[in-house]
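Okay, here's what each chain looks like letter by letter:
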Amino acid sequence: MVHFDHDDDKPREECGVFGIFGNHEASLLTALGLHALQHRGQEACGITSFDGKRFPSERHMGMVGEHFGGDLRARLPGHAAIGHNRYSTQGRPMLRNIQPIFADLAGGGFAVAHNGNLTNARKLRHDLVRDGAIFQSTMDTEVILHLVARSSRPRFLERLIDALQKIEGGYALVGLTGKKLIGARDPVGLRPLVLGRLGDAYVLASETCALDIIGAEFVREVENGEIVVISDKGIESHRFTQARPASPCIFEYVYFARPDSIVQGRSVYEVRRRMGHELAAETMADADVVVPVPDSGVPAALGFSEQSGIPFQMGIIRNHYVGRTFIQPTQVGRQSAISKKHSPNKAVLEGKRVVLVDDSIVRGNMSKKIVQMVKDAGAKEVHFRSASPPIVNPDFYGIDMAAKSELFAAIHTHEEMVRELKVDSLGFLSVPGLYKAIGEPVRNNMMPQFADHCFTGEYPTPLVDYESDESDKERQLSLLDDA
C-alpha cells in the first residue's frame, strides 16, 4: 500500500462505485451517480459502458464534473454502464491505475471497478506473475481480472465466484459484461453497496445518496458475501461464501458516508448527531460556545450543543471551493489548501471559551492548526472534542490511513496529546458510546457488529500481505512509473 505524507487529520477512503443496467442514458446517469459519490475520491474517475457491441470507456485524472459532461451519451453510448471515483491506496495516482479496468476474456469482455483493498493481493499477484501473468497496473483490482481469466470453471459467474473465494479483505465491486451488470460485496460486508431501481433499470452504488441524485428507489443493501446479477431476465442473487453476520466498517458512520445517506436503515446524519449527544454526556466542558470543524464535525457539534445546552455557533467558516485536503496528492497542494480551506469567525470566537468538535483525529497535524487558528482569533479557552474514539491502529481494507507510528493517539498519552494540541482539555467518544449512538445497546465483544479495528485492534479478516515487516508494507508493487 502506498502512503503519502498527508498534512491532514482525516482518514481517506479509496473510492466510490456506481453501475446501471437497462437505461439508454446509462453513462449520463452514471456520471450523476459518481458526482454524488465525489466525496469518496477526487483523484480520478472513469466510466465504461456497453453499446451492444463495444465497451466504450473514458478514464481521467481529476473530478467527475471536469470530464463527464456535454455529449457524454454520444461518447459513451449504451444501456448499461459502470463508473468509479478513485483515491489510490493500492497503486500510485496515474492513468493506468484508473478504473474501471477491462479485459477480453474467453467468454467476452469484462469491465470491473472496486472499492476497498485486498489484503492478500501482493501474494496473489506474486503467484500469478510466477505463472506467467502480465500486469498492466499496480492496482489490486487487476488481480481479480487475472483470477477470473485463469479459472477453469465453465460459466462466467462460476469463474467470478472462484476468483472471489481466493481473495481476502474488504471490497464492493461492480462488473459489466455484454449481458450482465454484476455487484459483489466481501464476506464481512466491510465496504458498502446498495441496490436501487429506476423505472425498469437497476442500479448499484456505494451509497444511497447516489440513488437519490438520479431519482432511483432504494431496494436493499447487497448482503455480505453476495453476488447480484442483473440482466434482461431480472435479478439473480448468489452467495459465494458461507453466511455469517455482517461487520461493516464503522467509519461509514464516523466520516465516510455523506450525511444524507442511509446506511443499514440508519440516517448517517442522525447517527452523527447522536454521537454528539454521547460525546457531551461523556466529556462535558464548561464553555460558552460549541463550534464544529466544518463540514464533517457539524452534526456531532449540533448534538453536543443539544445535550449540553451550550449554544452552537459557526465559529469556523469553510471555503467550499477548495477541495478536500486529504484528497490532494501533493504536499504543496495540501499545505496551500489547509490555509485556504478554513477561516475563523472572530465575532463568534473572540473572548469565548470554545468547545471545538471534529469527527476524528488521525495524525493531529490539522487539528493543531485549527486550534491555533481559533486561539489567534481571540478564543479564551479551547476544549477539543473528537466524536470518535482514539484511532490507535491502521486500516488495511481500503482506508488509506497512517501507519501506527504516525497515529496521534497511538504514540501519545492523553496528557501528551493535550500538550501537543495546546488545548485546555481533550475528550474522545468511547467505543461503547459510539455503539450506543449507532443504535446498538452494547458491543458484542465475541463478534462485533462493526469493523472497529482502528479503535480496538480487532481485525475481522486475515492480513496476509501485512504480516511482514513495516518496510515491506510500504513497497511499490511495480517499478514501472508513468511520466
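So, here is what we can say about the structure in this document. (Residues numbered from 1 in each chain as written. Predicted model: local features only at pLDDT ≥ 70, side-chain atom pairs only at ≥ 80, totals over all residues. Heavy atoms only, no water.)

Here the focus is the packing of aromatic side chains. Taken as a whole, this structure holds 9 aromatic pairs when the rule is applied. Arranged with centres 4.7 Å apart and planes meeting at 45 degrees, the rings of Phe 50 and Phe 55 form a pair that is tilted. Accessibility assignment for this pair places Phe 50 and Phe 55 in one class, buried. Ring geometry for Phe 55 versus Phe 102: centroids 4.9 Å apart, planes at 45 degrees, classification tilted. (Phe/Tyr/Trp six-rings, centres within 6.5 Å; stacked < 30°, edge-to-face > 60°. Buried < 20%, exposed > 50% of the residue type's maximum accessible area, 1.4 Å probe, protein only.)

The sheet built from 4 strands is open, its strands ordered 16-19-20-21 with parallel pairing. Strands with a single pairing partner mark the edges of an open sheet, and in this sheet they are strand 16 (289-292) and strand 21 (425-428). Neighbour-to-neighbour, the strand axes of this sheet turn through a mean angle of 20 degrees, independent of strand direction. Where strand 20 (residues 381-386) lies against strand 21, 4 bridges are found, and the strand directions are parallel. Directly across from Ser 386, in strand 21, lies its bridge partner Phe 428. Relative to strand 21, helix 9 (residues 268-282) is tilted by about 130 degrees, and along the sheet it contacts strand 19 (353-358), strand 20 and strand 21. Seen against the sheet, helix 13 (residues 365-376) touches strand 19 and strand 20 and runs at an angle of roughly 150 degrees to strand 20. (Pairing = 2+ DSSP bridges. Helix = DSSP H or I, 4+ residues; strand = E, 2+ residues; numbered from the N terminus. Axes fitted to C-alpha atoms, helices over the stretch in contact; angles between N-to-C directions. Contact = heavy atoms within 4.5 Å.)

Turning our eyes to something else, we now look at the pattern of salt bridges. Summed over the entire model, instances satisfying the criterion amount to 29 salt bridges. With its nearest N and O atoms 2.8 Å apart, the salt bridge here joins Lys 166 to Asp 162. With relative accessibility at 40%, the residue Lys 166 sits in the partly exposed group. Between Glu 270 and Arg 273 there is a salt bridge whose closest N-O contact spans 2.6 Å. Separated by 3 residues within a single helix, Glu 270 and Arg 273 lie in helix 9, roughly one turn from each other. Judged by relative accessible area, which is 26%, Glu 270 ranks as partly exposed. Through salt bridges with shared partners, a single ionic network connects Arg 40, Arg 191, Glu 207 and Glu 252. (Salt bridge = Lys/Arg side-chain N within 4 Å of Asp/Glu carboxyl O.)

So, about the nonpolar core. Counting 38 residues, the largest nonpolar core has Phe 251, Met 275, Val 357, Ile 391, Met 401 and Leu 434 as the members making the most contacts within it. If you list the elements that add at least two residues to this core, you get helix 8 (251-256), helix 9, helix 10 (298-308), strand 19, helix 16 (431-438) and helix 17 (453-456). Counting 31 residues, the second largest nonpolar core, distinct from the first, contains Phe 110, Leu 147, Ile 161 and Ala 184. (Core = buried A, V, L, I, M, F, W, Y, C linked by side-chain atoms within 4.5 Å.)

This next bit is on the environment of Ala 243. Looking at where Ala 243 falls in the secondary structure, it is placed in the loop between strand 13 (234-239) and helix 8. Residues Ala 243 and Gly 225, 18 residues apart in the sequence, show an inter-C-alpha distance of 7.2 Å.

Attention shifts here to the environment of Glu 58. Within the secondary structure layout, Glu 58 lies in strand 3 (residues 57-61). Owing to a relative accessible area of 16%, Glu 58 belongs among the buried residues under this scheme. C-alpha of Glu 58 to C-alpha of Pro 100: the two residues are 42 residues apart in sequence and 8.9 Å apart in space. Those residues in contact with Glu 58 that sit more than four places away from it in its chain are Cys 45, Gly 46, Ile 47, His 67, Phe 68, Arg 75 and Leu 76. Engagement of the side chain of Glu 58 in a polar contact is seen with the side chain of His 60, the distance being 2.8 Å. Within the structure, the side chain of Glu 58 is placed 2.7 Å from the side chain of Arg 75, a separation counted as a polar contact. (Polar contact = N/O pair within 3.5 Å; in protein donor to acceptor, adjacent residues only side chain to side chain.)

Attention now moves to the packing of helix 4 (residues 121-130) against helix 5 (residues 141-150). Running from N to C, helix 4 and helix 5 cross one another at 45 degrees; their axes reach a closest spacing of 10 Å. The angle between helix 4 and helix 5 falls in the class oblique. The handedness of the crossing between helix 4 and helix 5 comes out as left-handed. Residues Ala 121, Leu 124, Arg 125 and Leu 128 of helix 4 form the contact with helix 5, whose own contacting residues are Val 143, His 146, Leu 147 and Arg 150. (Parallel < 35°, antiparallel > 145°, perpendicular 65-115°, else oblique. Left-handed = near helix turned anticlockwise from the far one by under 90°.)

This part is about helix 6 (residues 156-164). Where burial is concerned, most of helix 6 is hidden: 8 out of the 9 residues are buried. Within helix 6 the residues assigned to the buried category are Phe 156, Leu 157, Arg 159, Leu 160, Ile 161, Asp 162, Ala 163 and Leu 164.

This next bit is on the side chain of Thr 119. One can find Thr 119 in the loop between strand 6 (108-118) and helix 4. A distance of 3.0 Å separates a polar atom in the side chain of Thr 119 from the backbone oxygen of Pro 462. Setting aside residues no more than four positions away along its own chain, Thr 119 makes contact with Glu 168, Gly 169, Phe 396, Tyr 397, Thr 461, Pro 462, Leu 463, Val 464, Asp 465 and Tyr 466.

Okay, the packing of helix 9 against helix 10 next. One can describe the packing of helix 9 onto helix 10 by two numbers: an axis separation of 6 Å at closest approach and a directional angle of 45 degrees. Considering the angle they form, helix 9 stands oblique to helix 10. By crossing handedness, the relation of helix 9 to helix 10 is classed as right-handed. Between helix 9 and helix 10, the residues in contact are Tyr 269, Arg 272, Arg 273, Gly 276, His 277, Leu 279, Ala 280 and Ala 281 and Pro 299, Ala 300, Leu 302, Gly 303, Phe 304, Glu 306, Gln 307 and Ser 308, respectively. Residue classes in the contact of helix 9 with helix 10 are distributed as 8 nonpolar, 5 polar and 3 charged. (Nonpolar A, V, L, I, M, F, W, Y, C, P; charged D, E, K, R; others polar.)

This part is about the sheet that holds strand 7 (residues 169-176). Reading across from one edge, 5-6-7-8-12-13 is the order of the 6 strands in this open sheet, with antiparallel pairing throughout. A strand with exactly one partner marks an edge of an open sheet, and here the two such strands are strand 5 (101-105) and strand 13. Here the strands of the sheet are splayed against their neighbours by 20 degrees on average, with no regard to which way each runs. Sheet topology places strand 7 next to strand 8 (residues 181-185); 5 bridges connect them, and they run antiparallel. What sits directly across from Leu 173, in strand 8, is Ala 184. Along the sheet, helix 5 makes contact with strand 5, strand 6 and strand 7, crossing strand 5 at roughly 10 degrees. Each of strand 5, strand 6, strand 7, strand 8, strand 12 (226-231) and strand 13 is contacted by helix 6, which is oriented at about 155 degrees to strand 12, the strand it contacts most.

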